[in-house]
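# Reading the structure
This is what each chain is made of:
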Amino acid sequence: MQFGWLTLSMSPSPDEDGARIDQIIQQVCAAERMGFSDVWLTEHYFTGESVYNDSLMFAAALAMKTERIRIGFAVVQTPFHHPVRLAVQLALLDNLSKGRIDVGIGKGTVYNEYEFVGHGLRSHDSRERMEEAVDILERAWREAPLTYEGKFHKVHIPALRPRPVQQPGPPLWRSVISPGSFAECGRLGVPILTARLPVNRIKERWATYAQGIEAGGHDEKKRALLLAQSALWRNVYVAQSNAQAEDELAALLVETRAHMMHVREAYNPHDFQPDPATLNAWTDPGVSDDQAIPYVLGTGCLYGTPARVRDQVAELRDVGVQHLLCQTGFGAMSHEQNMASLSRFGEQVMPAFM
């Protein structure tokens, strides 16, 4: 199996932001030493989540601090970036990292409308903006000159320099959850990320993706690569006992959820409501913590002693997961607590699967 590491930690106060950023760099370097194959950065603004905020600039720092680990984005919120600027930044990152960049593409948060407002936008046209941005990205990396007349952008580029190391450009990933999205990404030959998918649905979704790959006419080598890359995101917390792990993880999740609900209530515009189809027990403010926390523990977490977590990872492997993304930091978890859990996973769980 292949193991990735994902950061979505929160800084509890502006005074701690600088220290928290330094600690994430230390955590990434530790993950590389332990044998994690990839690190994934998230992108959120204004409230201490994804404390570095600018995942592209932060990735440049990581490219200089690491040698082997791939650096991915889960995901780039494309409406917040001019696509030509984004194409240039990603091409530079690919050069700085010597071809270690993976780019998850998204249309922007479906819950935090205040992030759109903070960038002078609203979310109603976010999918159109994403689709246009992807078109410009892919064409800018392979066409010179490029003239583009779109709904949001009209540009003429003599040539993009530097060109990406990976040709025709860094892989563009998609975050998926519905069966239709799995099938469509398979047909297009796009690598995928997915989160909070129950174990009993994983085999079915992976089969749907494989069927899409076959329908797209991709050869066996491409099929094997896409299935090996397909990444499942899980919260991971490894402690000295099962009870300790559950108690401490549950407390961290309660803290995380309280922050999430508070900032949405405080900062989202009054005329905004998330699409009910996007809500679940974790994201729905009408659901109590008594229901939300067991839901997340059951559908999105691996936790317990190293032995128990090994069994949980084996269960995922047995239903077809070859690439597991591990989020080891939640809420305002301390650096020491994060490193202790990360080290237990890297030293006592991962070796059983590599």
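Presented here is a report on the structure given in the accompanying data block. The shown structure was predicted, so the numbers you read here are calculated from the model rather than taken from an experiment.

Rules of the game
- Residues numbered from 1 in each chain as written.
- Predicted model: local features only at pLDDT ≥ 70, side-chain atom pairs only at ≥ 80, totals over all residues.
- Heavy atoms only, no water.
- Helix = DSSP H or I, 4+ residues; strand = E, 2+ residues; numbered from the N terminus.
- Contact = heavy atoms within 4.5 Å.
- Expected span 1.5 Å × (residues − 1).
- Buried < 20%, exposed > 50% of the residue type's maximum accessible area, 1.4 Å probe, protein only.
- Salt bridge = Lys/Arg side-chain N within 4 Å of Asp/Glu carboxyl O.
- Axes fitted to C-alpha atoms, helices over the stretch in contact; angles between N-to-C directions.
- Parallel < 35°, antiparallel > 145°, perpendicular 65-115°, else oblique.
- Pairing = 2+ DSSP bridges.
- Right-handed = clockwise from strand over helix to strand, strands pointing away.

Further remarks concern the environment of Ala140. Residue placement: Ala140 occurs in helix H5 (residues 126-142). Once you skip the residues sitting within four places of it in the chain, Ala140 turns out to touch Ala87, Leu146, Ile157, Leu160 and Arg163.

With 13 residues, helix H11 (residues 306-318) should reach 18 Å at 1.5 Å per residue; the first-to-last C-alpha distance of 18 Å fits that figure. Within H11, burial applies to Pro306, Val309, Gln312, Val313, Ala314 and Leu316. Along its buried surface, H11 packs onto strand S1 (2-7), helix H7 (199-215), strand S9 (231-238), strand S10 (301-304), strand S11 (323-327) and helix H12 (335-348).

Quick look at the pattern of salt bridges now. Going through the model one piece at a time under the given rule, you end up with 12 salt bridges. The partner of Asp125 in a salt bridge is Arg129, with the nearest N and O atoms 3.3 Å apart.

The next subject is unusual backbone geometry. Cis geometry is found at the peptide bond from Ala74 to Val75, where omega equals 5 degrees. As for its placement among the helices and strands, Val75 is situated in strand S3 (residues 70-77). The omega torsion across Ala144 and Pro145 is 0 degrees, close enough to zero to call that bond cis. Residue position: Pro145 is located in the loop between H5 and strand S5 (146-149). At Ser50, a position not held by glycine, the phi torsion is positive, near 45 degrees. Counting through the fold element by element, Ser50 comes out in the loop between strand S2 (38-41) and helix H2 (55-65).

Moving on, we get to the packing of H2 against helix H3 (residues 83-96). Viewed as axis vectors pointing N to C, H2 and H3 meet at an angle of 10 degrees, and their least axial separation amounts to 9 Å. Accordingly, the angle class assigned to the pair H2 and H3 is roughly parallel. Residues Leu56, Ala59, Ala60, Ala63 and Met64 of H2 lie in contact with H3, whose contacting residues are Leu86, Gln89, Leu90, Leu93 and Leu96.

Further remarks concern the environment of Gly304. Along the chain, the position of Gly304 falls in strand S10. The class for Gly304 is buried, based on a relative accessible area of 0%. Spatially, the C-alpha atoms of Gly304 and Glu32 are 23 Å apart, while their sequence positions differ by 272 residues. Leave out the neighbours within four places in its chain, and Gly304 touches Tyr237, Val238, Ala239, Ser241, Asn242, Ala245 and Val309.

Let us now look at the pairing of strand S7 (residues 172-175). Both faces of the sheet carry side chains from a regular strand, because those side chains alternate between them. With 3 bridges connecting them, strand S4 (residues 101-106) and S7 associate as parallel partners. Across the sheet, the residue bridging to Gly104 is Trp173, located in S7. Here S7 pairs with strand S8 (residues 192-195) via 2 bridges, running parallel. Across the sheet, Arg174 pairs through a bridge with Ile192, a residue of S8. For the crossover that starts at S7, traverses helix H6 (residues 179-188) and ends in the parallel S8, the hand is right-handed.

We now examine H7. Taking 1.5 Å of rise per residue, 17 residues should cover 24 Å, and H7 covers 25 Å from first to last C-alpha, within 8% of that figure. Three or more residues of H7 are buried, namely Ile202, Arg205, Trp206, Thr208, Tyr209, Ala210, Gly212 and Ile213. Turning to H7, the residues buried within the fold contact H6, S8, helix H8 (220-229), S9 and H11. Count one or two residues on from H7 and you reach Gly217, which has phi positive near 75 degrees.

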